[in-house]
Amino acid sequence: MRFTMKKSLPIIALIVSMIIWSVSGIAIKHALIVLPPFTMIVMRFVPAVLLMLVVGLVRRNHSLFCLQRLEWKDVPLFLIAGFCQPFLYYLLETFTYDALNSPTIAETLLSTSPLLSPVFAAVLLRERVTRNNIIGIIISSLGVFVLSLVGSTDYSIGSYWGFLLAFAAVSAAVIDSIMMRKAPVRYSALSFVFYTQLVSLMFFLPIWFVKEGPQVFDNGQWTMDNGQFVTALWCVGYLTVFASVIAFILFCYALRQIGVTQANAFNNIRPAFTALWMFLFFGEHLPAAKWIGMVVIILGLFVCQKQEKVDKY
């Protein structure tokens, strides 16, 4: 399989974004030790939106990082995208973990977006889905299941509503991807991410104000002498700059280059990178089956990206 530099750039962008997002779960876990969930989200997205605004206004002549003015006719598209993700996805993801007893099963269900992407892309975008796309996604998803489920001891279900919530969360993420693809080409990747996160913030802020706002600064643990609080701030900083800005822009750029199905297939490598970081930096044991799962995931991605030969008559 031969790749030109132009075709390689979206792949590189996707891999970098998945590496960044694979650390997000670890950062969120540490931040939530001190910060209430909606407070953490607001602290993450307010500076992210402001950072993109500054960069977009400064880099006016750079197509990837410039900020175009939003036209009224495109407002519905950005409202749908911003409502679906991060807002709706984050809420449904939280309820999924709450409804299901096993975090392992929850993580596995929430990582199924590559399986739904071809259906949504074919129906809503009439995007061509090849046999290699389908085979590669299935192979890669089997690797995710092996990676997630091997070595787990808790397979109790909990509420069966959790399955429906997970399906809704994944659907929201895929619909956001569809909106990325449908966005007019005049909007840069930064513009799309900026407007969708601004919309999400508009939904998050009222909930934060009602649930956590009045009490948030009365918490006695919130002092700079508290080591956990400082760690939480570093984690939020990582989530702001890398996960909310850089990774989203790279993912948006790549998706608009190669399509929803192929781009979302790379979500399968996030659990593999997360497991690798836990092994390297936290000493978590990785049995042989998990390493096999990682190899299967990568193999599936190669198959998914492989171009099919067209017969010439």
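You'll find the structure just up there.
Residues numbered from 1 in each chain as written. Predicted model: local features only at pLDDT ≥ 70, side-chain atom pairs only at ≥ 80, totals over all residues. Heavy atoms only, no water.

S.K.: Can you break down the packing of helix α2 (residues 37–58) against helix α8 (residues 189–211) residue by residue, with the values?
M.R.: The N-to-C vectors of α2 and α8 enclose an angle of 150°; their axes lie 9 Å apart at closest approach. Considered as vectors, α2 and α8 are oriented roughly antiparallel to each other. For the crossing formed where α2 meets α8, the hand is left-handed. Counting all contacts with α2, which are made through F38, T39, I41, V42, F45, V46, A48, V49, M52, L53, V55 and G56, the residues of α8 involved are L190, V193, F194, Q197, L198, L201, F204, L205, I207, W208 and K211. For the contact of α2 with α8, the residue count by class is 19 nonpolar, three polar and one charged. (Axes fitted to C-alpha atoms, helices over the stretch in contact; angles between N-to-C directions. Helix = DSSP H or I, 4+ residues; strand = E, 2+ residues; numbered from the N terminus. Parallel < 35°, antiparallel > 145°, perpendicular 65-115°, else oblique. Left-handed = near helix turned anticlockwise from the far one by under 90°. Contact = heavy atoms within 4.5 Å. Nonpolar A, V, L, I, M, F, W, Y, C, P; charged D, E, K, R; others polar.)

S.K.: Explain the packing of aromatic side chains to me, using residue names and the numbers behind them.
M.R.: Scanning the model with the defined rule gives 19 aromatic pairs in all. For the ring pair W277 and F281, a centre distance of 6.3 Å and an interplane angle of 45° mean the geometry is tilted. Of this pair, W277 and F281 both sit in helix α12 (residues 269–282), four residues apart, which is roughly one turn of that helix. Looking at F281, the relative accessible area reads 63%, which means it is exposed. Taken together, a centroid distance of 5.5 Å and an interplanar angle of 85° make the contact between F279 and W291 edge-to-face. Here W291 lies in helix α13 (residues 288–305) and F279 lies in helix α12, a separation of twelve residues in the sequence. (Phe/Tyr/Trp six-rings, centres within 6.5 Å; stacked < 30°, edge-to-face > 60°. Buried < 20%, exposed > 50% of the residue type's maximum accessible area, 1.4 Å probe, protein only.)

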